Amino acid sequence: MTTYGILVFDDAEELDVTGPWEVLTASALLRGGADTAVLVAERRDPVRCAKGLRLLPDYTLDDHPPLDVLLVPGGRGAREVQPHNPAVTGWIAETSRTAAWTAGVCTGAFLLHAAGPARGRRVATHWNYEDALEARGDITVVRDARYVVDGDLLTSQGVSAGIDSTLWLVGRLHGRDHARAARRVIQYEPAPPYLADEPLPG
């Protein structure tokens, strides 16, 4: 059994949470419910994400089950607010020491840097924040990879890239064929993502 914990907080980017959630829960479904995905927050109050989506956490930082995977989304909350919250950064530091994998999506890398797990590591983040993250020091930003694996740390570029990195993760945990099956369940076929050359109507 694998327990996946996604940290949620105000001003988290919606798809950074829901993209991986879709992959992880599709994976769990294929495994007969052997795995569990949960939302963890500082408090049990609803969390309002960057574009208004409200999420209800399953657990708090103090009462969640042991996590095999910790996933940290990005968004303004990850860049500007939570790095200055010692309750959250301390929890990330402690939880990442016992989890088999720590993952960040988009600017979740800022929060992982503040908490410690990304320091001295190679990471990916949203293209618009690569320079700002690198300026914080003690981190190497990889600019040409959709996701980056450095030891037990997995980080991805912005927003939708979290789907790709999470598919890689379930493949690493449960096999490539399983990851392909999960991709088929969510019908994730991103090529081509946008037919820009289609003729305009009329």
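We now turn to the structure provided with this report. Computed from a prediction, not measured in an experiment: that's the story for all the values here. (Residues numbered from 1 in each chain as written. Predicted model: local features only at pLDDT ≥ 70, side-chain atom pairs only at ≥ 80, totals over all residues. Heavy atoms only, no water.)

Let us now look at helix α1 (residues 14-30). In a regular helix each residue adds 1.5 Å, so 17 residues correspond to 24 Å; α1 covers 24 Å between its end C-alpha atoms and thus fits that length. Residues of α1 that are buried include every one of E14, D16, V17, G19, P20, V23, L24, A26, S27 and A28, and no others. Looking one or two residues past α1, G32 carries a phi angle of roughly 70 degrees, positive in sign. (Helix = DSSP H or I, 4+ residues; strand = E, 2+ residues; numbered from the N terminus. Expected span 1.5 Å × (residues − 1). Buried < 20%, exposed > 50% of the residue type's maximum accessible area, 1.4 Å probe, protein only.)

Read across the open sheet, the seven strands follow the order β5-β2-β1-β6-β7-β11-β10; overall the sheet is mixed. Each edge of the sheet is formed by a strand with only one pairing partner; in this case those strands are β5 (59-60) and β10 (147-150). The pairing of strand β6 (residues 69-72) with strand β7 (residues 101-105) spans four bridges and is classified as parallel. The residue of β7 that forms the bridge with V69 is W101. Running at roughly 150 degrees to strand β2 (residues 36-41), α1 makes contact with β1 (3-7), β2, β6 and β7 of the sheet. (Pairing = 2+ DSSP bridges. Contact = heavy atoms within 4.5 Å. Axes fitted to C-alpha atoms, helices over the stretch in contact; angles between N-to-C directions.)

When their charged atoms lie close together, side chains carrying opposite charge are able to pair. Following the criterion strictly, the structure yields 14 salt bridges and no others. Among the charged side chains, a salt-bridge network with shared partners connects E130, D131, E134 and R143. (Salt bridge = Lys/Arg side-chain N within 4 Å of Asp/Glu carboxyl O.)

Applying the stated criterion across every chain yields a total of three aromatic pairs. Judged by centre distance (5.5 Å) and plane angle (80 degrees), the rings of W101 and W168 are edge-to-face. Note that W101 is positioned in strand β7 and W168 in helix α6 (residues 161-174), a separation of 67 residues in sequence. Taking 6.4 Å as the distance between ring centres and 90 degrees as the angle between the ring planes, the aromatic pair formed by F110 and Y129 counts as edge-to-face. Placement of F110 in helix α4 (residues 108-115) and of Y129 in the loop between β8 (122-123) and α5 (130-134) is noted, with a sequence separation of 19 residues between them. Note on Y129: relative accessible area 24%, which makes it partly exposed. Taken together, the ring pairs connect W101, Y147 and W168 into an aromatic cluster. (Phe/Tyr/Trp six-rings, centres within 6.5 Å; stacked < 30°, edge-to-face > 60°.)

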